Amino acid sequence: MGVSESRAAVAEAVSALDAAVATLRLHYGDTLGVRRLVSDVVRLGDDLAELGEPQPGHRPHPVRQLEIVPDEPYDPSMWAGAEDEGLGAPDRRAP
């Protein structure tokens, strides 16, 4: 997704949030919580408008891939010869 598509998606989300907060205002009235939400939505829109273009030479960080670790137990042979953490080798005694 390019920068213009990302900005458009955020603008759409802010617009949807603005509409949802307006609906809440109808139900709750002009309470402190509602005024804070309205203020937050306005600030999000202002911040988006102030972003401008990305800085020249800025490279986005690569997206990290989530590594899924299976729930099945590991093959016990994988641990053959390994020391127990904190206890040392099996032929030695802890102090």
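Here the structure is shown first, and the text comes after it.
Residues numbered from 1 in each chain as written. Predicted model: local features only at pLDDT ≥ 70, side-chain atom pairs only at ≥ 80, totals over all residues. Heavy atoms only, no water.

## Some words on the packing of helix α1 (residues 3-28) against helix α2 (residues 32-50)
Part 1 of the reasoning: The interhelical angle for the contact between α1 and α2, taken along N-to-C directions, is 165°, at an axis separation of 10 Å. Classified by the interaxial angle, the pair formed by α1 and α2 is roughly antiparallel. For the element pair α1 and α2, the recorded crossing hand is left-handed. Contacts from Arg 7, Val 10, Ala 11, Val 14, Leu 17, Asp 18, Val 21, Leu 24, Arg 25 and Tyr 28 in α1 reach Val 34, Leu 37, Val 38, Val 41, Leu 44, Gly 45 and Leu 48 in α2.
Part 2 of the reasoning: Split into classes, the residues belonging to the contact of α1 with α2 amount to 13 nonpolar, one polar and three charged. (Axes fitted to C-alpha atoms, helices over the stretch in contact; angles between N-to-C directions. Helix = DSSP H or I, 4+ residues; strand = E, 2+ residues; numbered from the N terminus. Parallel < 35°, antiparallel > 145°, perpendicular 65-115°, else oblique. Left-handed = near helix turned anticlockwise from the far one by under 90°. Contact = heavy atoms within 4.5 Å. Nonpolar A, V, L, I, M, F, W, Y, C, P; charged D, E, K, R; others polar.)

## Examining α2
Part 1 of the reasoning: Between its first and last C-alpha, α2 extends 27 Å over 19 residues, near the 27 Å set by a 1.5 Å rise per residue.
Part 2 of the reasoning: Among all positions in α2, only Val 34, Val 41 and Leu 48 are buried. Taken down its axis, α2 places every buried residue within 55° of arc, on the same side. Along α2, exposed side chains directed more than 90 degrees from the buried face belong to Arg 36 and Glu 50.
Part 3 of the reasoning: Looking at the buried positions of α2, the neighbouring elements they touch are α1.
Part 4 of the reasoning: Directly after α2, the chain includes Gly 52, whose backbone phi takes a positive value near 70°. (Expected span 1.5 Å × (residues − 1). Buried < 20%, exposed > 50% of the residue type's maximum accessible area, 1.4 Å probe, protein only. Arc of directions from axis to C-beta.)

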